[in-house]
Amino acid sequence: MNVKNLFIFAISFVFSSAVFAKNHQVKLLTMADGGQSMMMSPGFIKIDKGDTITFIPSDATHNAESIALPNNATAFNSAMGTEVTITFSAEGVYLYKCTPHFALGMLGVIQVGAPNNLEQVKNKWQQIKSGVVMNQERVEQYLAQVK
Ligand SMILES: [Cu+2]
């Protein structure tokens, strides 16, 4: 690779990682719109591979912990009440929860690019949904938006 090509390669790398990767926000809310409580907002989000999501807890009682994720993805489990930014570099569908509010239906779904593992995520949800005593329908609605 000559110097000119190396320069073009370096510039294209900077552009692909810094300009095209987007940051998104998901709020982890105690009180949400419409009288709802213990809810991710938005509960379903579709992003591009390489984008980041900043999870923002409304108070000290929430976090974000992965439940089901693509095979080559890294599991996450953020500290309680702490804002965290995670890069999603593996394509697929992620199901995650707020650890202490799982039973109250505080879960969310993230789609990164192509939903190649959707069936595995749906199967996992079927296995664990009996532990969610409120707002199960939220997760059904989120999964229905995966396309
Ligand atoms: Cu919570």
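One can find the structure itself at the top, above this paragraph.
Conventions and cut-offs
Residues numbered from 1 in each chain as written. Predicted model: local features only at pLDDT ≥ 70, side-chain atom pairs only at ≥ 80, totals over all residues. Heavy atoms only, no water. Donors = N, O, S within 2.8 Å, 3.2 Å for Na, K, Ca; no water. Tetrahedral: all angles 85-135°; square planar, octahedral: opposite > 155°, others 65-115°. Phe/Tyr/Trp six-rings, centres within 6.5 Å; stacked < 30°, edge-to-face > 60°. Helix = DSSP H or I, 4+ residues; strand = E, 2+ residues; numbered from the N terminus. Buried < 20%, exposed > 50% of the residue type's maximum accessible area, 1.4 Å probe, protein only. Lys NZ or Arg CZ within 6 Å of the ring centre and 35° of its normal. Arc of directions from axis to C-beta. Contact = heavy atoms within 4.5 Å. Polar contact = N/O pair within 3.5 Å; in protein donor to acceptor, adjacent residues only side chain to side chain. Salt bridge = Lys/Arg side-chain N within 4 Å of Asp/Glu carboxyl O.

A separate point is the coordination of the copper ion. Bound to the copper ion on the protein side are H62 (ND1), C98 (SG), H101 (ND1) and M106 (SD), at distances that span 2.0 to 2.6 Å. Classification of the site at the copper ion as tetrahedral follows from its four donor atoms and the range of 95 to 128 degrees in their angles at the metal. On the primary sequence, the residues serving as donors to the copper ion are separated as H-x35-C-x2-H-x4-M.

Applying the stated criterion across every chain, the model contains five aromatic pairs. Between F55 and Y96, the aromatic rings sit 5.4 Å apart at their centres with planes inclined by 70 degrees, giving edge-to-face as the arrangement. In this pair, F55 is assigned in strand β4 (residues 52-57) and Y96 in strand β7 (residues 92-97), connecting sequence segments 41 residues apart. Neither residue differs from the other here; F55 and Y96 are each classed as buried. Site record: aromatic cluster; members linked through ring pairs are F55, F76, F88, Y94 and Y96. Over the face of the ring belonging to F102 we find K97, whose NZ or CZ atom lies 5.1 Å from the ring centre.

All right, on to helix α2 (residues 118-128) then. Turning to α2, its buried residues number three or more, namely L118, V121, W125 and I128. For α2, the buried positions fall inside an angular range of 95 degrees around the axis, keeping them on one side. For α2, the secondary structure elements touched by its buried residues are β5 (65-68), β7, β8 (107-112) and α3 (136-144).

Looking now at the environment of H24. Examined against the element boundaries, H24 turns out to sit in strand β1 (residues 23-31). Once the C-alpha coordinates of H24 and T85 are considered, the two residues, 61 residues apart in sequence, prove to be 9.2 Å apart. Among residues more than four places away in sequence, those in contact with H24 are I45, I47, D51, T52, I53 and T54.

Looking now at the side chain of H62. Relative to the elements of secondary structure, H62 occurs in the loop between β4 and β5. One polar contact links H62 to T30, side chain to side chain, over a distance of 2.7 Å. Non-local contacts of H62, meaning those with residues more than four positions away in its chain, are made with L28, L29, T30, M38, P57, A79, M80, G81, C98, H101 and M106.

It is worth spelling out the pattern of salt bridges at this point. Two side chains carrying opposite charge are able to pair once their charged atoms lie near each other. Enumeration over the complete set of coordinates arrives at one salt bridge. Across the pair K129 and E140 runs a salt bridge whose closest N-O atoms are separated by 3.0 Å. Taken as a pair, K129 in the loop between α2 and α3 and E140 in helix α3 lie far apart in primary sequence, eleven residues in all.

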